[in-house]
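# Reading the structure
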Amino acid sequence: MMEETRTEPTARKPTRDLLGLILAGTSGVLIIFALGMALVYAPRELTMGNVQRIFYFHVASAWVGFFGFFVTFLAGIAYLATGKRRWDILGLSSVEVGLTFIAMTVVTGALWARPVWGTYWTWEPRLTISALQLLIYVAYGMLRASITGSERRARFAAVYGIVAFVTVPLSWFAIRWWRTIHPDILTGGDSMTVTPRMVQTLVVSIGAFTALYATLVRQRVRLERADDALTRLRLRVDERQSRLKSRRSG
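Structure report, in brief. Bear in mind the structure is a predicted one, so any value in this text is a computation, not a measurement.

A separate point is the overall build of the protein. Tallying secondary structure elements over the protein gives 7 helices and 0 strands in all. When the elements of the protein are put in sequence order from the N terminus, they spell out α-α-α-α-α-α-α. The buried share of the protein, reckoned over its 250 residues, is 37%. For the protein, long-range pairs separated by at least 24 residues make up 78% of all intrachain contacts whose partners lie at least 6 apart in sequence. Summed over its atoms, the accessible surface of the protein is roughly 14,900 Å², and 65% of this surface lies on carbon and sulfur atoms.

In C-alpha cells form, the structure reads like this:
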C-alpha cells in the first residue's frame, strides 16, 4: 500500500506594489513641498504671527480625516448592499487612517490654540464636537473587536460607520450654527487675514495629505487582505491535519 504524500498549502509569493511605491514617493515629495511653502512661501499672518503656520497642516489633516470617514460611510452602504468583504476592508482601513489624521487635527489645534487663545482647550461647540467625534470613531474599533463572526462584525461596523458620519457635517457647520471662537477656514473671519498665497499653500497641503491618506489606506487594505489569506491558509492546514488524524485513528 502506497504511503500518502502530504502536500502542505503554500502562500502566494508576495508581489511588489508598484502603485503603492509611486503613491508613497509622491506623497513624500508633496509633504516636503507643502512644508517648504508653509514655512517660506506663505506670508507671516499679521495678527497671530508665525504660529499661524500650523494652520496649513491643521486644516489639511482635518480634511483628510473627514474624507476618510466619508469613504467609510460609502463603504458601509456598499457592504450592506452587496455583502462583499472588500467594502468591509475599505471601511475599516479608512476609519483607522482617518482617525489618525483627526487625532493630528486635535493635537495641532491645541498647539495652535495655546499662544492664540491662552489655553490648549476650551469647550466651545467646534472643539466639543471634535472630541466626541474622536471618541465615536475610537469606539468603532472597540465595536469590531467585541463582535465574533466576520459577517456579523462587518454588518454592525457598516451600520455604525454610516451613523457616525453625522459628526462630520456637525463639525463643519458648528462655526456657522453656533457662537464660536474657532476661525472660519474659508474666510479667516475677524481673527485671521487670508491672502492668495495662504490659500495656495493650503491647497498644496491638502493635496499632500490626501496623497498620504491614499498611500496609508492602500497599505492597510493590503495588510488586511494578507491577514485574510493567512487565516484561510491556517484553516486549510488545520483541516488537512484533522483529516490525517482521523484516517490514522480509523
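Moving on from the coordinates now.
It is worth spelling out the packing of helix α4 (residues 125–146) against helix α5 (residues 150–164) at this point. Two numbers describe how α4 lies on α5: the axes approach to 10 Å, and their chain directions differ by 170°. When the axes of α4 and α5 are compared, the pair comes out roughly antiparallel. Where α4 approaches α5, its residues Ile136, Tyr137, Ala139, Tyr140, Leu143 and Arg144 are matched on the opposing element by Arg153, Phe156, Ala157, Tyr160, Gly161 and Ala164. When the residues that make up the contact of α4 with α5 are grouped by side-chain class, the tally is 9 nonpolar, 1 polar and 2 charged.

The next subject is empty space enclosed by the protein. Tallied over the full model, the rule gives 1 cavity of 30 Å³ or more. Of the volumes computed, that of the largest cavity is approximately 50 Å³. Considering the residues around the largest cavity, the lining is formed by Thr72, Ala75, Gly76, Tyr79, Trp87, Asp88, Gly91, Tyr140, Arg144, Ala154, Ala157 and Ala158. Mapped onto the lining of the largest cavity, the elements with two or more residues apiece are α2 (55–82), α3 (85–117), α4 and α5. Ranked by residue count, the leading element in the lining of the largest cavity is α2, at 4 residues. Tallied by class, the residues present in the lining of the largest cavity amount to 7 nonpolar, 3 polar and 2 charged.

Cut-off values and rules
Residues numbered from 1 in each chain as written. Predicted model: local features only at pLDDT ≥ 70, side-chain atom pairs only at ≥ 80, totals over all residues. Heavy atoms only, no water. Helix = DSSP H or I, 4+ residues; strand = E, 2+ residues; numbered from the N terminus. Buried < 20%, exposed > 50% of the residue type's maximum accessible area, 1.4 Å probe, protein only. Contact = heavy atoms within 4.5 Å. Areas by Shrake-Rupley, 256 points an atom, 1.4 Å probe, with all protein chains shown as cover. Axes fitted to C-alpha atoms, helices over the stretch in contact; angles between N-to-C directions. Parallel < 35°, antiparallel > 145°, perpendicular 65-115°, else oblique. Nonpolar A, V, L, I, M, F, W, Y, C, P; charged D, E, K, R; others polar. 1 Å grid on protein atoms, 1.4 Å probe; cavity = no way out; pocket = protein on both sides within 12 Å on 5 of 7 lines; lining within 4 Å. Points joined across faces, edges and corners; volume = space filled by probe spheres on them.

Taken by themselves, the reported measurements are silent on function.
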